[in-house]
Each structure stands twice: as structure tokens, then as C-alpha cells.
Amino acid sequence: MSGPSTYVPQSGFTRWLDSRLPLLRFAHDTMLSFPTPRNLNFWYAFGAILTFCLGVQIVTGIVLAMHFTTSAMVGSVPGSSLAFDSVENIMRDVNYGWLLRYIHANGASMFFLAVYIHMFRGLYYGSYKAPREVLWILGVIIYLLMVATAFMGYVLPWGQMSFWAATVITNLFSSLDQISGGLKVGSHIATWLWGDFAVGDATLNRFFSLHYLLPFIIAAVVGLHIWALHVPGNNNPLGIDVKGPQDTLPFHPYYTVKDAFYVALFAILFAALVFFAPDLVGNPDNYIPANPLVTPADIVPEWYLLPFYAMLRSIPQKLVGVLVLGGAILVLAFIPWLDTSRVRSNRFRPLMKQFFWLFVVDCLLLGYCGSQGVDATLVGVPLVWVARLGTIYYYAFFLLIMPLVGIIETPKPLPDGIAKSVLGASAAPAE
Amino acid sequence: MATSTTAEPTRRDFLYVATGAMAAVGAAVAVWPFIDQMNPSSAVLALASIEVDLAPIQVGQSITVKFRGHPLFVRRRSPKEIAEARAVALSDLPDPVARNENLPDDAPATDANRETKPEWLIVSGVCTHLGCTPTAFEGDFGGWLCHCHGSQYDTAGRIRKGPAPQNLAIPTYAYLSPTRIKVG
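Residues numbered from 1 in each chain as written. Chains lettered and ligands numbered in written order. Predicted model: local features only at pLDDT ≥ 70, side-chain atom pairs only at ≥ 80, totals over all residues. Heavy atoms only, no water.

Which parts of the structure should I look at to understand the nonpolar core?
Nonpolar side chains in soluble globular proteins tend to be buried together. Residues and elements named next belong to chain A. L123, Y394 and F398 are the most contacted members of the largest nonpolar core, which has 134 residues in total. If one sorts the elements of this core by residue count, helix α6 (residues 133-155) sits on top with 14 residues. Among all residues touching Y394, those that are not within four sequence positions of it are F308, M311, A328, V331, L332, F359, D362, C363 and L366. Judged by nonpolar contacts, the second largest core, of 5 residues, contains L238, I240, V343 and I418. (Core = buried A, V, L, I, M, F, W, Y, C linked by side-chain atoms within 4.5 Å. Buried < 20%, exposed > 50% of the residue type's maximum accessible area, 1.4 Å probe, protein only. Helix = DSSP H or I, 4+ residues; strand = E, 2+ residues; numbered from the N terminus. Contact = heavy atoms within 4.5 Å.)

See below:
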């Protein structure tokens, strides 16, 4: 924590507790008095929004688990399964089950929407740069855990998309067969993941177990993420260090209120999705019970994984495709060292700013490519080639542009301090 | 703790290392059941083989049956399909190996090595890319097209185009009678 504690116990009980377990002191120092740069804008509200999302997913998930049946065994109708039936039972018969499930299913989308904005925010303002490397890497770990959790949750309703998503993703490991000779290491890993020779009942059961566990692991890593944030304190849109008390405000009430306002706006958008378009981002094929003999004509992942899916599909070689897919996430962990610029914020990086926005467009374009059929074209160009170019730019952005632009670019002059920049000449001098 | 240091390892050093090594071995042994429980259980391993009645299948038709949880294609090929498959040069095949469990591992992927009787093709319905089930009679080669990532197979189930690395696998099977096979 930056600075000594300012907590003063007010009553006999809190004084007694403070000398035994300084829980209130910890809460006061981290959530109330914590000095926070005074210039944080809208984009800095997504930390709070993400905490809100995690809470929503855990609470709705716990109650949904009370009604879910973890079994791929045949249900009341041939071709259906107990798991599929129980999800339909939640939707039709359980009191408010439809609401809880729609919140949970759309909550995953809102969670990823928020996390992507949060990540682009960090990328734009250079929040990954020293001394916040560990903070950033913990964020990448949280993102990976989120992908794993969302994937396993998507499998649970045991519809067609559930089943075939599980099949395709677990088969990614079978690509290791190509480098392990006759040992078939990849196939053994896939069999181990399935607990069978195909995705089946054993797979569903373990996915449910892990889907219940991982959110709590995420919560723990979020704890570390916030801890790592509170050591150097927040970055800010100017990307310059806090130089003294004139540059900061106490977290409460300034940012508690600001964050709460944006969480409320976010919740309105969330509610609009849940109540007016609950199946907007879902795939209708997932209301068809899983059939191990028939793959749906168009198998598409959820929107938040489409850019990576486009990369995988654009590579004609299996193992290379899988490595490109994995590397696209892994490379994020290294950007604190790939970015050679002395300046954090893109506000003062005229060249990098353009590459940044091109990167945002690139990610959206890759997402579009992933959403279309294998043979689709865009203005006459086969999408597979668009996706290949998009993949090249994605990697080039991190591996070439970040190191080189940091060296050749002349950044704009940085302001003297946060307070002066925010308040103009009237800023009070350092106390 | 003794504060004196000696060049020779002491008996205490030995005990530290031995204890630590024993603890590591013990931990590794204790972890194994937790890893191995995820592998297929005895009940799964006891899965029986299946028999398929070929009589109702017409020339030019392909059916899908379930074998060990996976789809299995049984296709009665037309003379034209057989001729097409036989006309392909081995050098045109991305995967030159037959992938036929009834033959040696290094058997070449000629059409003859892909079936016991030319008319009947029995291949796994699991795309060798990422495990989707390809659709019959689609794609440039008249065999199968996998809609997931665009792999295309010919009328002998051999990979011809797209990201899949291998030909569709052929499980062990035998003819019980001219119209009945046992797979597995």
C-alpha cells in the first residue's frame, strides 16, 4: 500500500479488534482512503464492472447448480439427456429459472465485453509497463481462466453446440500427435480429458466440477490482481507517475461513486440484453440436444472467442494452427518487455496510437472472419485470406510494431503533473 | 541449529536430502490416483464391438452408425466413386499412409488398401483435424466435407484438401457373412 495507514479506530470495539485482526484497517486503507489519481476517466470503471460481473456469475451459478442435473444419460425423450432436460426444466418450471439462466448465460457475454474493454484500456494507456508487469500478467491469467470457465460452462446444457465445442476444443490437444511420433501423446491427453474415447458423460461431469471451481480461483487471482494494483497504485490516462498528494483523491467517495454510476449504466445494458434479446448472442443450435453422430452445418464459438477461432481456421496445418491460437493469448504476457517506449500513454504517442486503433479494427475483423462460413468472401476476397492477413497483423503488432515504434517514435512532451494537467494553472502547489 | 560449517557433508545434510527426496516421491505417488481417475474407467474400457447389417444399404448410399461413442461411416460405393478413388496418384495424397488397422502401419494409401471389398468403405466419421463429423457427398472430391474447418476427403476417405493431417481412420473389422460385418 502506498503511504502509512490513516485508519483511526473510533470505538472501543474497533480498537480491540484492530489490535487482534486489523480487518477494518485493511478495508479502510484499500477501499476508502486509498490514494487514486484524480484524472481517471470512464475507461477505468471496468475494474469495478468486472468485479460486479464475477459476483453476478457466482451468485446465479450457485443457484442454477441447485437445479442442474450433471448427466449425459438419456433423458425423458430419446435423443435428449438429463442435463439438457434439466436446463429446459430451469427455463420452464423453476421459479424465475428463465431469468437466472438468462442472466448467467448473457452474464458471460457481458463479462467478456467488459474484460476486452479493460484489456484495450490497459493497452492504450500503457498500464502493463513497469512497475505494473505482474499486475498485467495476473490479468492475462485471469483472462485465460475466464476462457476456460466460459468454455466448460457452455458445454453443460449439452446441446449440439455444447457437444461439438467440447469435441473441437479438446481435440486441439491431439495436434501434439504430430510431434510425438508413435507415442500419440496428444490422443492420450484428449482421452484423459474426456474420460472416454469420445466426449461423453464422464466429460460432462468433470467439466461441471471444474466450472464450479474455477470462478473461485478467478476470485483468488483477482485478489492478487488488486494487491498488485495497490502496490504501485493506478496508472492513469496521462501515463505519468503520481508525484504527490495533489495528484490523488481518496478512493471513497470519489471513485466509489464514479464506479457505482458506471456499474449502474452497465447493468442497464445487461438488463436490456437479458430482458429484450436473451438469445441474441446465443446459438439456436444449442437448443437441439447433443447428437454425437451429426455435427451442425455451421459450428461457431461464442462471439468472444471468434478472433482466435478465425486464426485457427486460417492456418491449413493442424499443429501450426493450434500453436498460433495458443500463442495469440500467450504473447500478451510478454508485452511489458516487448514495448520499448519510455512513454506509457498513447495520448503522447502519435504513431503508436494509429497502430493501436488498427489493432482494434484487426481484432474486430478477425471476429467477423470467424463468424462466417469456411468459404465466405468479403468484397470478392476469400475470408480465409483476410483472416491470414489479420493474424499476421495481430502478431506483428506485438512482436514488431511494439518494439520498433518505441524506438523510432518521438513522443509528445509529457505534462508536469496530473494535478496541473487536470486543474490547469490554478492547481495548488504540493503541500 | 549447528552454526559450524564443514567441507564434508554431515549426517544432518544427508538426512535433510533423504527426507526431502522421500517426501517428493511420496507426493508424486499420492498425486497419481488423482490424475489417473480422469482416464477411461473399466466400464468404458469394457465397451463391446458392434455388428452392422449391410443388406439394407443401397449402392451410392452412406450410413452412420455409433461405434465406441464415435460415428462410423459405412458407404456402399458406386462404380464411378471406386474408379475416381483408384485413379488418384499416391503423390497427390497429403497423407500417403493407409491408416487401416487391418493392415501394417506403413501400408501405402492406395484405394485397395482402404477396404476389404472395393464396394464397401468402412471409415471412422471423426475428422482428423479437430474431431467433427464430416458430411458425405460434399466437397470437391465427392467424399466428405467437414463443415467445421473445411477439410475435404475423397471417396476412399483420404484427406485431399484442408487442415486435417490424416486420412479417416479405418478400424479393425471382419465380414461375418457377405452382408454382415463386425467392427472392433
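Moving on, there is more to tell.
Which parts of the structure should I look at to understand helix α14 (residues 350-371) of chain A?
An α-helical segment advances 3.6 residues per turn. Residues three or four places apart therefore align on the same side. Residue and element names in this part refer to chain A. Helix length check: α14, at 22 residues, gives a terminal C-alpha distance of 33 Å against a target of 32 Å (1.5 Å per residue), a fit within 8%. Of the positions making up α14, those classed as buried are M352, F356, F359, V360, D362, C363, L366, G367, C369 and G370. Each element contacted by the buried residues of α14 is listed here: α5 (97-124), α11 (306-314) and α15 (383-408). (Expected span 1.5 Å × (residues − 1).)

Looking at this structure, I do not really get the interface of chain A and chain B. What am I missing?
Where interface size is given, it is often the accessible area lost as the parts come together that is meant. The interface is formed by 29 residues belonging to chain A together with 28 residues belonging to chain B. When chain A packs against chain B, the two sides together hide about 2,400 Å² of surface, and 64% of this comes from carbon and sulfur. Broken down residue by residue, the surface that chain A buries against chain B is led by W192(A), F197(A) and L293(A), which jointly contribute 27%. Counting the contacts that link chain A with chain B gives 0 salt bridges. The tally of links between chain A and chain B comes to 8 residue pairs in polar contact (both at pLDDT 80 or more). (Buried area = accessible area lost by both parts, 1.4 Å probe. Salt bridge = Lys/Arg side-chain N within 4 Å of Asp/Glu carboxyl O. Polar contact = N/O pair within 3.5 Å; in protein donor to acceptor, adjacent residues only side chain to side chain.)

Just checking my understanding: could you explain the confidence of the model for chain B for this structure?
Low-pLDDT stretches of the model should not have their predicted coordinates read in fine detail. Averaged over all residues, the pLDDT of chain B is 89; the fraction at 70 or higher stands at 96%. No element of chain B has a lower mean pLDDT than helix α2 (residues 42-45) of chain B, at 80, and none a higher one than strand β4 (residues 120-124) of chain B, at 94. (pLDDT = per-residue confidence, 0-100.)

Explain the packing of α6(A) against helix α7 (residues 160-171) of chain A to me, please; I cannot follow it from the model alone.
Two quantities define a packed helix pair, namely the angle between the helix axes and the distance between the axes. All names here are of chain A. Look at α6 against α7: their axes get within 7 Å of each other, and the N-to-C directions meet at 135°. Taken together, the axis directions place α6 and α7 in an arrangement best described as oblique. Packed against α6, whose contacting residues are F151, Y154 and V155, the element α7 presents M161, S162, A165, A166 and I169 at the interface. Residue composition of the contact of α6 with α7, by class: 7 nonpolar, 1 polar and no charged. (Axes fitted to C-alpha atoms, helices over the stretch in contact; angles between N-to-C directions. Parallel < 35°, antiparallel > 145°, perpendicular 65-115°, else oblique. Nonpolar A, V, L, I, M, F, W, Y, C, P; charged D, E, K, R; others polar.)

Explain the packing of helix α8 (residues 185-194) of chain A against helix α9 (residues 201-230) of chain A here, please?
All names here are of chain A. α9 packs onto α8 with a crossing angle of 75° between their chain directions and a minimal axis gap of 7 Å. By the criterion of interaxial angle, the relationship of α8 to α9 is roughly perpendicular. Two secondary-structure elements touch here, α8 through W192, L193 and W194 and α9 through A202, T203 and R206. Of the residues belonging to the contact of α8 with α9, the class tally is 4 nonpolar, 1 polar and 1 charged.

I tried to follow the sheet that holds strand β8 (residues 159-161) of chain B on my own but got confused; where do I start?
Pairing between the strands of a sheet is mediated by backbone hydrogen bonds and can be parallel or antiparallel. All names here are of chain B. One open sheet holds the 4 strands; their spatial order is β5-β6-β7-β8, and the pairing between them is antiparallel. Strands with a single pairing partner mark the edges of an open sheet, and in this sheet they are β5 (135-136) and β8. Looking at chain direction, strand β7 (residues 152-154) and β8 are connected through 2 bridges and run antiparallel. Looking across to β8, one finds that Y153 is bridged to I159. (Pairing = 2+ DSSP bridges.)

Mind showing me how you'd approach the packing of aromatic side chains here?
What characterises a pair of aromatic rings is the spacing of the ring centres plus the angle enclosed by the ring planes. Evaluation of the coordinates by the stated rule reveals 38 aromatic pairs over all chains. Taken together, a centroid distance of 5.3 Å and an interplanar angle of 75° make the contact between Y394(A) and F398(A) edge-to-face. Of this pair, Y394(A) and F398(A) both sit in helix α15, 4 residues apart, which is roughly one turn of the helix. Here Y394(A) falls in the buried class, since its relative accessible area comes to 5%. The rings of Y44(A), F120(A), Y124(A), Y125(A), F356(A), W357(A), F359(A), Y393(A), Y394(A), Y395(A), F397(A) and F398(A) are connected pair by pair, giving a single aromatic cluster. A cation over an aromatic ring shows up here: R388(A) above the ring of W385(A), its NZ or CZ 4.5 Å from the ring centre. In this arrangement the basic side chain of R75(B) is found over the ring face of W144(B), its NZ or CZ atom lying 4.6 Å from the centre. (Phe/Tyr/Trp six-rings, centres within 6.5 Å; stacked < 30°, edge-to-face > 60°. Lys NZ or Arg CZ within 6 Å of the ring centre and 35° of its normal.)

How should the side chain of S341(A) be read in this particular structure?
All names here are of chain A. Following the sequence through the fold, S341 ends up in the loop between α13 (335-338) and α14. Look at S341 and you get buried, because its relative accessible area is 7%. Separated by 3.0 Å, the side chain of S341 and the backbone nitrogen of V343 make a polar contact. Here R349 takes part through its side chain, which lies 3.4 Å from a polar atom of the side chain of S341. The contact partners of S341, leaving out residues within four places of it in the chain, are K129, R349 and G406.

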